[in-house]
Amino acid sequence: CCRGVESDACAPIHSPTEMQLPMNVRRSARRSSCLARVGAVAGATALLLHVARPWFAGRESTANFVGTPNSLRSPLNRRFTAVATATAEVAVASDQITDEEPLHVLVAGAGVGGLALANALGNMPRIKVTVIEKTSAFKRFGGPIQLASNAMMNLKELNRELYDKIEAKATWTGNLTNGIKDGIRSEWYAMFDLKTPAADRGMPFTCVVERPDLQEIMLAELGQGVVRNGAGVDSYTHLPGGGVIANLDDGTEVRGDVLIGADGIWSSIRATMHKNEVRGDGSGATYSGYTVYAGELNYKPTDNGEVGYKVYIGPNQYFVVTDIGKGRYQWYAFLAKPVGTSKSEASLKSTEVVDGCAAGNPAYLREVFEGWSSEIHDIIRATRDDEVQQRDLYDRPPSLSEPWHEGHVALLGDAIHAMMPNLGQGGCQAMEDAIVISEELEKLSRRSEVPDALAKYKGRRLIRSASVQGLSRFASDIIIRGFDTPAKISFDDGVKFENFGYAGIVTRMLQPILPVFFQVQFSFLYSDYRNRFALDLGAAIGFLVLGGIPLLLFSAGIFDTGILATLGLEGLVAGVEGGGVIETLTTIGEETAGML
């Protein structure tokens, strides 16, 4: 499933190997290829990582931090000397956490994850929470967000009144028809059942909610003065006796016992912790190789009220349409493009109406999807240019070797595990982070126990989030770079063999496997949503056998560089590629395509 994304523009679509790209773009493509390999086996290795969890947890460090005073460092130096301890005299609360001296938790960022954490902590008597938000005031901005069954169940168990308010604004999609369609022929290719895995576990169905509505509901549940607007967290400084100072971008400081970075993919908290830049090549975030056009409009298709979500697949791109309620629809066009095409290809967009499609982005996309389903053309034709936005997609490889926490500071959501939008799990996984952090902090009786609590948070969340993160990237790569128009034998006007190349044949061969794979995938997502290590072994093994192996074999035959890597351990990739497995599968794929 899909969520929001990042921006830029286009020309006739070419496959990534056909593009003549400048050196900086080729470097970006190579980094994207590495991420593709990293993400490929994320879900399939969840069971192995579960076994290895104690080893990862054992590598946590609670080292003492020593450095220069915050006032003597420039903002850049302050970020790169993250292991700093303020030497100024500061009134320090006692180690004991009491009603009179509650644990003060600072949350950097008032997005979905930050507000979920604030709500989870808000009803705990021995915890005080302050949300630090960069914007001066909250405005209604942003489109719908998908809340899958795991997120809705967490909200329901967290606060039934809060859940009821969100449910009242929701448009249910998980109980409707959802699936993949042949993007050329408009035929259903494979269905994914969101309803049964949720119903079997007594969970609410997947839904979509307008992001501003969700934000307003969560804000209304917080007490007066909890949210501090007008300045974001630029960096942080460790206090000598425990605790942390949040250094804000307006020059002011806020002291707390804990700081949680919920400040998104371009996290300043992460940059401080990992000693790198907030943005750019040194930030750790990598361009995925894909750009997305997103449209939102009033629309009434012929299947209105019956279909929640449909993905149109075809060569080198795909198109998504989803019902967001109240007569409104959202669509996404995912294209394999170099970074920055919103500017570099702006001149390629038509300034005239094309086949009834408005000048600009709609006319451009009508040409890009020439020969595709009339259903795609119909919704593009109904969209105004000002209803379309383009964003480049960035994500990060699973953070196995990089820290999630440092002393009294930890990362949450996109700040630590930014993921592609294909599974609609970005906000859902941030909520899971929030629940786990709140549970671990609630157990504490002393402030000195905070580092251990944050280490337990990582231990509970690492495997599951990395699996979802990798699977989200894998889904993007295999849909765009792997799936094609399914091969078909037509008997209209004689026998015709349609799209009988290697990719078309394998796409058709996977058709009966995918519904089973989807069932196992959603069982995995909906099991252990509370992250209590009750890993559904049946779901994990089923995912590996029924989903992971066939899809890995498929992708190995399609991708020129192969997809065999472990989560975040890219050093092993060279050894795997040198073993000849990938080259053999790729050669077989090329020879098969030649024979057909």
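Scroll up for the structure.
Scoring rules and cut-offs
- Residues numbered from 1 in each chain as written.
- Predicted model: local features only at pLDDT ≥ 70, side-chain atom pairs only at ≥ 80, totals over all residues.
- Heavy atoms only, no water.
- Helix = DSSP H or I, 4+ residues; strand = E, 2+ residues; numbered from the N terminus.
- Buried < 20%, exposed > 50% of the residue type's maximum accessible area, 1.4 Å probe, protein only.
- Areas by Shrake-Rupley, 256 points an atom, 1.4 Å probe, with all protein chains shown as cover.
- Axes fitted to C-alpha atoms, helices over the stretch in contact; angles between N-to-C directions.
- Parallel < 35°, antiparallel > 145°, perpendicular 65-115°, else oblique.
- Contact = heavy atoms within 4.5 Å.
- Nonpolar A, V, L, I, M, F, W, Y, C, P; charged D, E, K, R; others polar.
- Pairing = 2+ DSSP bridges.
- Phe/Tyr/Trp six-rings, centres within 6.5 Å; stacked < 30°, edge-to-face > 60°.
- Lys NZ or Arg CZ within 6 Å of the ring centre and 35° of its normal.
- Core = buried A, V, L, I, M, F, W, Y, C linked by side-chain atoms within 4.5 Å.
- Patch = residues over 30% accessible without salt bridge, like charges linked within 9 Å, V, L, I, M, F, W, Y side chains within 5 Å.
- Salt bridge = Lys/Arg side-chain N within 4 Å of Asp/Glu carboxyl O.
- Polar contact = N/O pair within 3.5 Å; in protein donor to acceptor, adjacent residues only side chain to side chain.
- Left-handed = near helix turned anticlockwise from the far one by under 90°.
- Disulfide = S-S within 2.5 Å.

**What about the overall build of the chain?**
(1) Moving on: Of regular secondary structure, the chain possesses 20 helices and 21 strands.
(2) Moving on: Residues counted as buried form 58% of the 596 residues belonging to the chain.
(3) Moving on: Accessible surface, the chain as shown: approximately 23,600 Å² in total, 54% of it carbon and sulfur.

**Quick notes on the packing of helix 5 (residues 149-158) against helix 6 (residues 160-169)**
(1) Moving on: Taken N-terminus to C-terminus, the directions of helix 5 and helix 6 make an angle of 135°; their axes are 5 Å apart at the nearest point. For the element pair helix 5 / helix 6, the angle class is oblique. From helix 5, Met 152, Leu 155, Lys 156 and Leu 158 reach across to helix 6, where they touch Arg 160, Leu 162, Tyr 163 and Ile 166.
(2) Moving on: Here the residues of the contact of helix 5 with helix 6 sort into six nonpolar, no polar and two charged.

**Some points on the sheet that holds strand 11 (residues 253-256)**
(1) Moving on: Spatially, the three strands line up as an open sheet ordered 9-10-11, and their pairing is antiparallel. Looking along the sheet, the strands with just one partner apiece sit at the ends: strand 9 (233-238) and strand 11. Taken pair by pair, the neighbouring strands of this sheet meet at an average axis angle of 25°, ignoring direction.
(2) Moving on: Where strand 10 (residues 244-248) lies against strand 11, four bridges are found, and the strand directions are antiparallel. Paired with Ile 245 across the two strands is Arg 255, which belongs to strand 11.

**Quick look at helix 8 (residues 211-220)**
(1) Moving on: Listed as buried for helix 8 are Pro 212, Asp 213, Leu 214, Gln 215, Ile 217 and Met 218.
(2) Moving on: Looking at the buried positions of helix 8, the neighbouring elements they touch are helix 4 (112-122), strand 3 (144-147), helix 5, helix 6, strand 7 (207-210) and helix 14 (426-442).

**Digging into the packing of aromatic side chains**
(1) Moving on: For the structure on display, the rule yields 17 aromatic pairs.
(2) Moving on: Summarising the aromatic geometry, the rings of Phe 319 and Trp 331 are spaced 5.3 Å apart at their centres and angled 20° between planes, so their arrangement reads as stacked. Of this pair, Phe 319 sits in strand 15 (residues 317-325) while Trp 331 is found in strand 16 (residues 328-336), placing the two residues 12 residues apart along the sequence.
(3) Moving on: Seen in terms of ring centroids, Phe 517 and Phe 518 are 6.0 Å apart; in terms of plane orientation they differ by 50°. Their pairing is tilted.
(4) Moving on: Among the aromatic residues, ring-to-ring pairing joins Phe 192, Tyr 309, Phe 517, Phe 518, Phe 522 and Tyr 526 into one connected group.
(5) Moving on: Note that Lys 181 overlies the ring of Trp 188, its terminal NZ or CZ placed 4.9 Å from the centroid.
(6) Moving on: Over the ring of Tyr 364 we find Lys 349; its NZ or CZ atom is 5.9 Å from the centre of that ring.

**Thoughts on the nonpolar core**
(1) Moving on: By size, the foremost hydrophobic cluster in this structure holds 110 residues, and its most contacted members are Leu 147 and Leu 441.
(2) Moving on: No other element matches helix 15 (residues 450-482), which puts 11 residues into this core.
(3) Moving on: Those residues in contact with Leu 147 that lie beyond four places of it in its chain are Met 152, Leu 155, Ile 166, Phe 205, Thr 206, Cys 207, Val 209, Leu 214, Cys 428 and Met 431.
(4) Moving on: Formed by 20 residues, the second largest nonpolar core is a distinct cluster that contains Leu 297, Tyr 312, Leu 335 and Leu 365.

**Quick look at the environment of Asp 303**
(1) Moving on: Counting through the fold element by element, Asp 303 comes out in the loop between strand 13 (286-298) and strand 14 (307-314).
(2) Moving on: Note: C-alpha distance between Asp 303 and Thr 177 (126 residues apart in sequence) is 9.8 Å.

**Topic: a nonpolar patch on the surface**
(1) Moving on: On the surface, Ile 489, Phe 491, Val 495 and Phe 497 cluster together into a nonpolar patch covering about 450 Å² of accessible area.
(2) Moving on: Positionally, Val 495 belongs in the loop between strand 20 (488-490) and strand 21 (496-498).
(3) Moving on: The exposed category is assigned to Val 495, whose relative accessible area is 53%.

**Considering helix 5**
(1) Moving on: The buried fraction of helix 5 amounts to seven of the 10 residues, a majority that puts the element mostly inside the structure.
(2) Moving on: Taken residue by residue, helix 5 has Ser 149, Asn 150, Ala 151, Met 152, Met 153, Asn 154 and Leu 155 as its buried positions.

**What to know about the environment of Arg 126**
(1) Moving on: Inspection of the secondary structure assignment puts Arg 126 in the loop between helix 4 and strand 2 (127-133).
(2) Moving on: Sequence separation between Arg 126 and His 104 is 22 residues; the distance between their C-alpha atoms is 8.8 Å.
(3) Moving on: When near neighbours in sequence (up to four residues on either side) are disregarded, Arg 126 contacts Ile 97, Thr 98, Asp 99, Pro 102, Leu 103, Glu 442, Leu 444 and Ser 445.
(4) Moving on: Within the local environment of Arg 126, its side chain forms a polar contact with the backbone oxygen of Glu 442, the two atoms lying 3.5 Å apart.

**Some thoughts on the side chain of Ser 373**
(1) Moving on: In this structure, Ser 373 sits in the loop between helix 11 (361-368) and helix 12 (374-381).
(2) Moving on: Ser 373 sits in the buried class, given a relative accessible area of 1%.
(3) Moving on: Beyond its immediate sequence surroundings of up to four residues, Ser 373 is in contact with Gly 183, Ile 184, Ser 186 and Tyr 312.

**A closer look at the packing of helix 14 against helix 15**
(1) Moving on: Contact geometry for helix 14 and helix 15: axes closest at 9 Å, N-to-C directions at 160°. The angle between helix 14 and helix 15 places the two elements in the roughly antiparallel class. At the point where helix 14 passes helix 15, the crossing takes the right-handed sense. Each of Gln 429, Glu 432, Asp 433, Val 436, Ile 437, Glu 439, Glu 440 and Leu 441 in helix 14 lies in contact with helix 15, whose residues at this interface are Ala 453, Leu 454, Lys 456, Tyr 457, Arg 460, Arg 461, Arg 464, Ser 465 and Val 468.
(2) Moving on: Class assignment for the residues of the contact of helix 14 with helix 15 results in seven nonpolar, two polar and eight charged.

**Some details on the state of the cysteines**
In protein structure, a disulfide is the covalent linkage between the sulfur atoms of two cysteines.
(1) Moving on: Applying the stated criterion across every chain yields a total of zero disulfides.
(2) Moving on: Cys 207 carries a free sulfur, and the closest cysteine sulfur to it, the one in Cys 428, is 8.8 Å from it.

**Topic: the side chain of Ser 288**
(1) Moving on: By secondary structure assignment, the location of Ser 288 is in strand 13.
(2) Moving on: For Ser 288, a relative accessible area of 1% puts it in the buried group.
(3) Moving on: A distance of 3.2 Å separates the side chain of Ser 288 from the backbone nitrogen of Tyr 290, its partner in a polar contact.

**Brief notes about the pattern of salt bridges**
(1) Moving on: Summed over all chains, the structure comprises 31 salt bridges.
(2) Moving on: Taking the shortest distance from any N to any O, the salt bridge between Asp 164 and Arg 160 comes out at 3.0 Å. One end of the pair is Asp 164 and the other is Arg 160, both in helix 6 and four residues apart, which spans about a single turn.
(3) Moving on: With relative accessibility at 33%, the residue Asp 164 sits in the partly exposed group.
(4) Moving on: In this structure, Lys 488 and Glu 187 form a salt bridge, with 2.7 Å as the shortest nitrogen-oxygen distance. A residue pair is termed long-range when its members are at least 10 positions apart, and Lys 488 in strand 20 and Glu 187 in the loop between strand 5 (177-182) and strand 6 (188-191) qualify at 301 residues.
(5) Moving on: Residue class for Glu 187 comes out partly exposed when judged on its relative accessible area of 32%.
(6) Moving on: Each of Glu 157, Glu 439, Glu 440, Lys 443, Arg 460, Arg 530 and Arg 532 takes part in a single network of salt bridges with overlapping partners.

That's the geometry; what it means functionally is another story.
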